[in-house]
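# Results of the structural survey
Below, each chain spelled out in residue letters.
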Amino acid sequence: MSKAKKVIEEAKEINNPEIDLVDKGITNLEEVPGLFNLANITRLSLSHNKIHTVPAALANLMNLEILNLANNHIEELPLSLSSLPKLRILNVSLNRLYSLPRGFGAFPVLEILDLTYNNLNERTLPGNFFMMESLRALYLGDNDFEYLPPEIGNLKNLQILSLRENDLIELPREVGQLTRLRELHLQANRLVVLPPEIGSLDLASNKAVLRLEANFWVPPIEDQLKLGPSHVLDYLRSETYRVLYSRHMSAKPPTPGEVRDKSKKASRAKS
Amino acid sequence: MSLDNMFCTRCGDGFEANEKIVNSNGELWHTNCFVCAQCFRVFPEGIFYEFEGRKYCERDFQVLFAPCCGKCNEFIIGRVIKAMNANWHPACFRCEECNIELADAGFIKHAGRALCHGCNARIKADGLQNYMCHKCHGVIDGEPLRYRGEVYHGYHFTCATCGVELDHTAREVKNRPGYAANDVNNLFCLRCHDKMGIPICGACRRPIEERIVTALGKHWHVEHFVCAKCEKPFHGHRHYEKKGLAYCEQHYHQLFGNLCYVCNQVIAGDVFTALNKAWCVHHFACSVCDAPLSTRSKFYEYDERPACRRCYEKFPVELRKRLRRAHHYTVRRN
Ligand SMILES: [Zn+2]
Ligand SMILES: [Zn+2]
Ligand SMILES: [Zn+2]
Ligand SMILES: [Zn+2]
Ligand SMILES: [Zn+2]
Ligand SMILES: [Zn+2]
Ligand SMILES: [Zn+2]
Ligand SMILES: [Zn+2]
């Protein structure tokens, strides 16, 4: 803890608005002296500590724009964070979250939300999660989603959506409403078909990213994927595929694959 | 691109490994070499004006090239009114009858004078609609030939090149780079004029006799080379090209998404690009711990974001194994 104390004192002395407390062995933020009084700081990086609980008082840091809590032992977040008026980037990846507090989607200006590598799924998201219209990047990779709520279509400014290595069985057609989407990570799920609307997204340009590997695609998608993701998009726009998709959706064939064994995930560790 | 085949546009030398490189529209420069072509000083606040392939600071650009107003003789900064074969401040270009400003109201050339619509209609109604030849003082039927601001019968002149008798379609050439004023202040028939290769503006299709901007494979009047989105002239400021169109910085970034991944702002200085994203130099950082990264730092790709080596090594072993596997098939596929 003395290392953290030194950082805070130095920051106060030179009025540094960006605080790095990465890998300082912190277990309890309330034991970092003077941290909650640094009302002027704009960035707080707390990655690679052993923090279990995030105190609600962290929201006293009214000027925070970037809050990085990656790779801690956090199981719960306080609702107060979502009232931070300037918070643009929140990273809670590599933690032990099973849920988010009710009302958590109230962030006024959040742009990047990183929830990668937790234990979240569609049933544990708060009701207003998809009201965060300012979001331009949403990282949900390495979680436990089987379905993505159709409200995803509300996130009009979303440019990046990662659902890498979840247990996704299907994707809602509303993903096709995300007209600004330039990165879509779907690799290593249990997907069989894609909504044809995805074909109209601008995901084939040289600046776009479309990751589809390691799913259970129907053979025509798998064949196009061997030629490259842009061929998949061409195929999704075809009349042939529209027919295949509607037949598939009405036949409701059994879901392929199994939920991956995640017992070894660090996010499952018990404190 | 490796440092080995990167050279300074001015001095032709290469760059040191740690050296800061100025990248202006794909041209590279030593910071010491990126200077005004006239005074050899660095550009205040990075603002420069380009003319015929050379870059000038604002002061020297004005002294050398800014147009002078036909009325008050001062430099014209900002909006230039090109009319009656001269340049004008908007406030200096007025109706020669009633003195009203013409810049936005529009004007009519009448017997070599700029008039507002009202005065033109009145004078016409007074029965003075015929031009009078400046040389023989006879009345001109039809269109007059215009030369140095006066009107003439065409038959008083012959083409300076081929000698053919001229009519109202004759072109006056006022100045051309590399010619003295007396050599070029002459009249030419249309055919000879076209053969002289005087550049034509890509926007208004009229000859360009003063400052020329060359871009997008065409020539432009400085006032006519504008952003395809907001239509404001670049006036020597940086422009960005995309699919045959030019854009101002703001609109290029707005339309084509080259904003910094961290601050979401237009990137003012050098741009770092990696993983289909762009960063301000000081915002290029590890996405897990926020530690700054440089072009020389090794980083790992994690959901198309950079993760520093220290962070990667702190990832759960189980995750690292999966990332390594994922990495393998990504590499194979490309
Ligand atoms: Zn040089
Ligand atoms: Zn200068
Ligand atoms: Zn005459
Ligand atoms: Zn001629
Ligand atoms: Zn023009
Ligand atoms: Zn513009
Ligand atoms: Zn930035
Ligand atoms: Zn890092």
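Details of the structure are given in the entry above.
Structure report, in brief. Fair warning: this is a prediction, and the values are worked out from it, not measured in the lab.

Criteria and cut-off values
- Residues numbered from 1 in each chain as written.
- Chains lettered and ligands numbered in written order.
- Predicted model: local features only at pLDDT ≥ 70, side-chain atom pairs only at ≥ 80, totals over all residues.
- Heavy atoms only, no water.
- Patch = residues over 30% accessible without salt bridge, like charges linked within 9 Å, V, L, I, M, F, W, Y side chains within 5 Å.
- Areas by Shrake-Rupley, 256 points an atom, 1.4 Å probe, with all protein chains shown as cover.
- Salt bridge = Lys/Arg side-chain N within 4 Å of Asp/Glu carboxyl O.
- Helix = DSSP H or I, 4+ residues; strand = E, 2+ residues; numbered from the N terminus.
- Buried < 20%, exposed > 50% of the residue type's maximum accessible area, 1.4 Å probe, protein only.
- Donors = N, O, S within 2.8 Å, 3.2 Å for Na, K, Ca; no water.
- Tetrahedral: all angles 85-135°; square planar, octahedral: opposite > 155°, others 65-115°.

### Considering a nonpolar patch on the surface
Residue and element names in this part refer to chain B. Side chains of Val-63, Leu-64, Phe-75 and Ile-77 sit close together on the surface and give an oily, nonpolar patch of about 360 Å² of accessible area. When you line up the elements, Leu-64 lands in helix α1 (residues 58-65). Residue Leu-64 is classed as partly exposed on the basis of its relative accessible area, which comes to 38%.

### Concerning the coordination of the zinc ion (ligand 3)
All names here are of chain B. Here the zinc ion (ligand 3) is held by the protein donor atoms Cys-133 (SG), Cys-136 (SG), His-153 (ND1) and His-156 (NE2), which lie 1.9 to 2.5 Å from it. Here the zinc ion (ligand 3) is ringed by four donor atoms whose angles at the metal span 88 to 119 degrees, and the overall shape comes out tetrahedral. Spacing between the donor residues of the zinc ion (ligand 3) along their common chain follows C-x2-C-x16-H-x2-H. In this pair, Cys-136 sits in the loop between β9 (131-132) and β10 (139-140) while His-156 sits in the loop between β12 (150-152) and β13 (171-173), placing the two residues 20 residues apart along the sequence.

### Looking at the coordination of the zinc ion (ligand 1)
Residues and elements named next belong to chain B. Summarising the metal site, the zinc ion (ligand 1) is bound by the protein donors Cys-8 (SG), Cys-11 (SG), His-30 (ND1) and Cys-33 (SG), whose distances to it range over 2.1 to 2.4 Å. What the four donor atoms of the zinc ion (ligand 1) show is an angle range of 97 to 124 degrees at the metal, which sorts the shape as tetrahedral. Sequence positions of the donors to the zinc ion (ligand 1) reduce to the motif C-x2-C-x18-H-x2-C. Of this pair, Cys-11 sits in the segment before β1 (21-24) while Cys-33 sits in the loop between β2 (27-30) and β3 (49-51), and the two are 22 residues apart along the sequence. Judged by relative accessible area, Cys-11 falls into the partly exposed class, the value being 35%. Cys-33 sits in the buried class, given a relative accessible area of 10%.

These figures come from the coordinates and say nothing about function on their own.
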